[in-house]
Structure formats: structure tokens, C-alpha cells
Amino acid sequence: MKTGKNKKSSIAALNTFNNKVFYTLTDAETRKLGSDFAGVLKPKDIVFLNGDLGAGKTTFIQGIMSGFGVNGFVRSASFMLVSEFESQKCKLYHLDLYRLDENNVFDLGIDEYLFGDGISFIEWSDRINHYNIKKRWEVKIDYTENGRKIKIKRHL
Ligand SMILES: Nc1ncnc2c1ncn2[C@@H]1O[C@H](COP(=O)(O)OP(=O)(O)O)[C@@H](O)[C@H]1O
Ligand SMILES: [Mg+2]
């Protein structure tokens, strides 16, 4: 049955990324991984990205955006907090919370991004730990000797 088959293949696609570790040697490889990962994302998904400054969170998101067919450069959102993009599937929100601490994050009005119909990508998600968001994708990027280790996990 067609729907059954689609369901199976979408689960297979999810399993390509859930609980997986990837190693990239260049920023281009990280972008490619992000672009492929975009294929499993659905409206209302929330994606946390964590890792040290310069680890490659924004680079990975650039790849995701290109996977969604978004043109234009995704720069670090640090000074703008939220960058909004439009894709064929849904709206995409890039939130970089680096400059926030838990005390001034309450009146940001970011709920409309997190709990709207788009997909949110959040750098430095520890700033909103108090939101207690359970259902999410988590992308953790670490430096390795010659590149990056990128761990992807889906929490339900
Ligand atoms: N394998 C890699 N993956 C991602 N970025 C890499 C890699 N190797 C080198 N880089 C460089 O590291 C930097 C990552 O920056 P950025 O994505 O802004 O990090 P973050 O958002 O985590 O602070 C970029 O200058 C990028 O070109
Ligand atoms: Mg960044």
C-alpha cells in the first residue's frame, strides 16, 4: 500500500539521522550533512544546536537552509536573535541565544517561533532550559583533531 510504503521510507529516513554520529572534515561537508538532514524535518519541529563557539552550528544551519531551497546567506544571528526564512514547506526560524541569559529570555516573545507552525533552529538552547522542551532534535557539534564530530538525536 502506498501510504504504508511512504511511512516506512520516512521512518528509514528518520533512522538515518536519529542517534547517529557523523564526522566532517570541512565546512562544506557539514553543510552537505545539514542539507540532507533537512529532508527529515517537518513543520513544528524544534532543533537544538549546541557546541562551542566556532564549532559549526551556524554552518550546519546554512546547510539545512539550502536543503530547504532557501536562497541567501544565513549569517550568525547573534546580533539579531532571530532570522526568519520562508521555504516551500514552512517558515524557518534561526534563533541564536548566545547573548542571552535565563533572566532576560522570558519576555522575548519567542513562543510564537517555538510553538508556531514553522521549524525553529536554536543555537545555545541551554538559555531556554526553563522552557523544558521535550520533543526536539538535538545536534551536538564537537571539535576533533581534524574536523568536527556531529551527533544527532531525536527526543520524543
Ligand atoms: N568540519 C567543519 N564543519 C563546520 N565548520 C568548519 C569545519 N571545519 C572548519 N570549519 C569552520 O569553522 C567555523 C564554524 O563557524 P560557525 O558555523 O559560525 O560556528 P558556530 O555557529 O558554532 O559558532 C567556520 O569558519 C567554518 O568554516
Ligand atoms: Mg553560530
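Definitions and cut-offs
- Residues numbered from 1 in each chain as written.
- Chains lettered and ligands numbered in written order.
- Predicted model: local features only at pLDDT ≥ 70, side-chain atom pairs only at ≥ 80, totals over all residues.
- Heavy atoms only, no water.
- Core = buried A, V, L, I, M, F, W, Y, C linked by side-chain atoms within 4.5 Å.
- Buried < 20%, exposed > 50% of the residue type's maximum accessible area, 1.4 Å probe, protein only.
- Helix = DSSP H or I, 4+ residues; strand = E, 2+ residues; numbered from the N terminus.
- Contact = heavy atoms within 4.5 Å.
- Near = heavy atom within 4 Å.
- Polar contact = N/O pair within 3.5 Å; in protein donor to acceptor, adjacent residues only side chain to side chain.
- Areas by Shrake-Rupley, 256 points an atom, 1.4 Å probe, with all protein chains shown as cover.
- Nonpolar A, V, L, I, M, F, W, Y, C, P; charged D, E, K, R; others polar.
- Expected span 1.5 Å × (residues − 1).
- Arc of directions from axis to C-beta.
- Donors = N, O, S within 2.8 Å, 3.2 Å for Na, K, Ca; no water.
- Salt bridge = Lys/Arg side-chain N within 4 Å of Asp/Glu carboxyl O.

**Examining the nonpolar core**
Here is step 1 of the chain: Counting residues in hydrophobic clusters, the biggest one holds 26 residues, and the most contacted among them are Phe37, Phe60 and Phe121.
Here is step 2 of the chain: Breaking this core down by element, the ones donating at least two residues are α1 (2-17), α2 (27-38), β2 (46-50), α3 (57-67), β5 (119-123), β6 (136-143) and β7 (148-155).
Here is step 3 of the chain: Take this core: its biggest share by element is four residues, from α3.
Here is step 4 of the chain: Among residues more than four places away in sequence, those in contact with Phe37 are Phe17, Val47, Phe60, Ile64, Trp137, Val139 and Ile152.
Here is step 5 of the chain: Core analysis: the next-biggest nonpolar cluster, separate from the first, contains 16 residues, Phe48, Leu97, Tyr113 and Leu114 among them.

**Remarks on the site of ligand 1**
Here is step 1 of the chain: Within the structure, ligand 1 sits among 15 residues, and Thr30, Gly54, Lys57, Thr58 and Thr59 are positioned closest to it.
Here is step 2 of the chain: Here an oxygen atom of ligand 1 sits 3.3 Å away from a polar atom, N or O, in the main chain of Ala55.
Here is step 3 of the chain: For ligand 1, an oxygen atom lies 2.9 Å from a polar atom in the backbone of Gly56.
Here is step 4 of the chain: Within the complex, the protein chains bury 72% of what would otherwise be the 570 Å² of accessible surface of ligand 1.
Here is step 5 of the chain: Counting only elements with at least two residues in the shell around ligand 1, the list comes to α2 and α3.
Here is step 6 of the chain: A total of three residues in the shell around ligand 1 trace back to one element, the largest contributor, which is α3.
Here is step 7 of the chain: Of the residues belonging to the shell around ligand 1, the class tally is three nonpolar, seven polar and five charged.

**So, α2**
Owing to its 3.6 residues per turn, the α-helix aligns residues three or four sequence positions apart on the same side.
Here is step 1 of the chain: Helix length check: α2, at 12 residues, gives a terminal C-alpha distance of 16 Å against a target of 16 Å (1.5 Å per residue), a fit within 8%.
Here is step 2 of the chain: Burial in α2 covers these residues: Thr30, Leu33, Gly34, Phe37 and Ala38. Take α2 and look down its axis: the buried residues cluster within an arc of 145°, on one side only.

**Some thoughts on the coordination of the magnesium ion (ligand 2)**
Here is step 1 of the chain: Here the magnesium ion (ligand 2) is held by the protein donor atoms Thr58 (OG1) and Glu123 (OE), which lie 2.1 to 2.3 Å from it. On the criterion of sequence distance, the pair formed by Thr58 in helix α3 and Glu123 in strand β5 is long-range, its members being 65 residues apart.
Here is step 2 of the chain: For Thr58, a relative accessible area of 14% puts it in the buried group.
Here is step 3 of the chain: What makes Glu123 buried here is its relative accessible area of 2%.

**Describing the pattern of salt bridges**
Here is step 1 of the chain: With the rule as written, the count across this model stands at seven salt bridges.
Here is step 2 of the chain: Asp126 serves as the salt-bridge partner of Arg127, at 2.9 Å between the closest nitrogen and oxygen.
Here is step 3 of the chain: Its relative accessible area of 14% is what places Arg127 among the buried residues.
Here is step 4 of the chain: Classification of Asp126 as partly exposed rests on a relative accessible area of 32%.
Here is step 5 of the chain: Ionic pairing is found between Asp142 and Lys140, a salt bridge with its closest N-O pair at 3.1 Å.
Here is step 6 of the chain: Assessed through its relative accessible area of 30%, Asp142 is described here as partly exposed.

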